[in-house]
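# Descriptive structure summary
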Amino acid sequence: MQRPRRAKADAASLALARQLESEDARPRRAAAKPRAKSPAKPRAKSPARPKKPSSKRAAKQTTEPARAGLSCALFAVMAYANYMQHHLPQPVPRAWYDETGRDMGQHEIELRAHLGVWVYLTAQILLVLLVYHTLSVIAATTGKYEAQAHAAAPACLGLGLVVYGLFFFFYLLMRCCNPTWRDQWTYHESLGVPYERWMHLMHTPLWLCPLLDVLFVKKRDVLVKHVPSPGPVLATAGIYTGFYGALTSLNFAWTSAYVYPWLYDIDALGYGAFGHLAYYAALWVPVGAVLLACRRWVLRRGNAEFAVGATVEARWEDGNWYPGRVSGGGSGGYEIAFDDGHNE
């Protein structure tokens, strides 16, 4: 009697074991885990460097038609000014003389014998500004070369102001003092050529076009981001002043003619090449001052739009730009709360 009971028990145990095996083999659904909140970004270990921004580029912004249209219009005006520079009436021998009796018509012909109108300061800066406005058009219409176009704005505006300032100074002298070298304009106007009007149309774009470009084409935040430090701005003034001095001296070696009459007075001092070197070195100071003033104005204008809470990119001590928000400001600048928790 014991044997059947044991067999029955064995059969029950075997059935229970099979049931457990089948449950173990069945795939079990994982328990849902509660969704955890994203942890706060850890603060950088080194206090000298905030967290670097992501390397992914931001989506390309839509080009604003108004900026693109104005940049094209300014380019057209500058191109026309360059065209006028190369199509002014040609100098005529024995048409006008200076106070010493020098034939200035013949002097102009000799002056242009090798370099043409490129010996003139106006022609050189008009070409520089034409290249600048070309970059501006490309940046405004395609987004390319944006950094280069914005970085060149202070220097190009400054150079344009310097050359126009020289022109306007001599124009006032001609209007008030009526010197003999006004006879060049008088001669062409006697032939029915509106020479004075043409000179104004050619020189006014030197300051007006880059100024309008900075005011209405360039983006303020991009200008502030890419504006050069004072060192490169002063270097630009020195490089151009040295280039113009070398070109003028080279042209004098070829033609024995100077562009401006006071350069002959420097020769009369008897210091030779050292006198001209000192002249151009001294000229670098006011040119550099004008370029630095333009840089400071661009920075002030760009910083004027940053209110407390505005999202910006600021430069850290390592020279790189990082995202943050304006947390305060004063006469010396802005307080920035970087996204990784640092403050400056």
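As a further point, take the overall build of the protein. In terms of regular secondary structure, the protein is built from 13 helices and three strands. Relative to its full complement of 344 residues, the protein shows a buried share of 34%. Long-range contacts, defined as pairs at least 24 residues apart, comprise 67% of the intrachain contacts of the protein with a sequence gap of at least 6. Surface summary for the protein: the accessible area is close to 21100 Å², and the carbon and sulfur share equals 61%.

On to helix α4 (residues 121-142). Given a rise of 1.5 Å per residue, 22 residues ought to cover 32 Å, and the 32 Å separating the end C-alpha atoms of α4 matches this to within 8%. Following α4 by one or two positions, G143 has its phi on the positive side, about 85°.

Scanning the model with the defined rule gives 17 aromatic pairs in all. On the numbers, 5.9 Å between centres and 50° between planes, the contact of Y164 with F167 is tilted. Separated by three residues within a single helix, Y164 and F167 lie in helix α6 (residues 153-177), roughly one turn from each other. Exposure remark for Y164: the relative accessible area of 16% places this residue in the buried category. Relative accessible area serves as the criterion here: at 8%, F167 is assigned to the buried category. A centroid spacing of 5.4 Å and a plane angle of 15° characterise the contact between F170 and W262, whose relative ring orientation is stacked. With F170 in helix α6 and W262 in helix α12 (residues 262-268), the pair connects residues that are 92 residues apart, well separated along the chain. Judged by its relative accessible area of 28%, W262 is partly exposed. Linked through ring pairs, Y164, F167, F168, Y171, W185, Y195 and W207 together constitute an aromatic cluster.

There is a patch of nonpolar side chains on the surface, built from L269, Y271, F274 and L277 and spanning about 520 Å² of accessible area. Looking at the secondary structure, you find F274 in helix α13 (residues 273-303). Using a relative accessible area of 57% as the deciding quantity, one classes F274 as exposed.

Turning our eyes to something else, we now look at empty space enclosed by the protein. In total, this model carries one cavity of 30 Å³ or more according to the counting rule given. The space that makes up the largest cavity amounts to roughly 40 Å³. If you go around the largest cavity, the residues you meet are Q85, H86, L88, P89, Q90, R112 and V117. Of the residues assigned to the lining of the largest cavity, the class counts are three nonpolar, three polar and one charged.

So, about the nonpolar core. Counting 52 residues, the largest nonpolar core has I125, W185, M199, L206 and L291 as the members making the most contacts within it. Contributing elements (two or more residues each) for this core: α2 (65-85), α4, α6, α8 (195-203), α9 (205-217), α11 (230-255), α12 and α13. No other element matches α6, which puts 10 residues into this core. Contacts of W185, omitting those with residues within four sequence positions, involve F167, Y171, M174, Y195, E196 and M199. By size, the runner-up hydrophobic cluster in this structure holds seven residues, among which are A314, V326, I336 and F338.

Before going further, it helps to examine the pattern of salt bridges. As enumerated under the stated definition, the model contains four salt bridges in all. Where R175 meets E196, a salt bridge forms, and the shortest distance between an N and an O atom there is 3.7 Å. With R175 in helix α6 and E196 in helix α8, this residue pair connects regions lying 21 residues apart in the sequence. With a relative accessible area of 15%, E196 lands in the buried category.

Attention now moves to the layout of surface pockets. What the second largest pocket holds in volume is close to 820 Å³. Lining the second largest pocket are 31 residues, and of these Y120, Q184, M199, V259 and Y260 lie nearest its centre. For the lining of the second largest pocket, the secondary structure elements donating two or more residues are α3 (104-111), α4, α6, α7 (183-190), α8 and α12. Among the residues making up the lining of the second largest pocket, the classes are represented as 21 nonpolar, five polar and five charged.

Glancing now at the packing of α4 against α9. Close contact between α4 and α9 brings their axes to 10 Å; oriented N to C, the two are set at 20°. By the angle class used here, α4 and α9 are roughly parallel. Considering how the two elements wind past one another, α4 and α9 form a crossing that is left-handed. For the pair formed by α4 and α9, the contact residues are T122, I125, L126, L129, Y132, H133, S136 and A140 on the first element and L206, C209, P210, D213, V214 and V217 on the second. Tallied by class, residues from the contact of α4 with α9 come to 10 nonpolar, three polar and one charged.

What follows concerns the state of the cysteines. By definition, a disulfide links two cysteine residues through a covalent bond between their sulfur atoms. Going through the model one piece at a time under the given rule, you end up with zero disulfides. Free cysteine C176: the closest other cysteine sulfur is in C177, separated by 5.9 Å. On the basis of relative accessible area, C176 is assigned to the exposed category, the value being 64%.

Analysis parameters
- Residues numbered from 1 in each chain as written.
- Predicted model: local features only at pLDDT ≥ 70, side-chain atom pairs only at ≥ 80, totals over all residues.
- Heavy atoms only, no water.
- Helix = DSSP H or I, 4+ residues; strand = E, 2+ residues; numbered from the N terminus.
- Buried < 20%, exposed > 50% of the residue type's maximum accessible area, 1.4 Å probe, protein only.
- Contact = heavy atoms within 4.5 Å.
- Areas by Shrake-Rupley, 256 points an atom, 1.4 Å probe, with all protein chains shown as cover.
- Expected span 1.5 Å × (residues − 1).
- Phe/Tyr/Trp six-rings, centres within 6.5 Å; stacked < 30°, edge-to-face > 60°.
- Patch = residues over 30% accessible without salt bridge, like charges linked within 9 Å, V, L, I, M, F, W, Y side chains within 5 Å.
- Salt bridge = Lys/Arg side-chain N within 4 Å of Asp/Glu carboxyl O.
- 1 Å grid on protein atoms, 1.4 Å probe; cavity = no way out; pocket = protein on both sides within 12 Å on 5 of 7 lines; lining within 4 Å.
- Points joined across faces, edges and corners; volume = space filled by probe spheres on them.
- Nonpolar A, V, L, I, M, F, W, Y, C, P; charged D, E, K, R; others polar.
- Core = buried A, V, L, I, M, F, W, Y, C linked by side-chain atoms within 4.5 Å.
- Axes fitted to C-alpha atoms, helices over the stretch in contact; angles between N-to-C directions.
- Parallel < 35°, antiparallel > 145°, perpendicular 65-115°, else oblique.
- Left-handed = near helix turned anticlockwise from the far one by under 90°.
- Disulfide = S-S within 2.5 Å.

Such coordinate-based values are descriptive only and should not be taken to indicate function.
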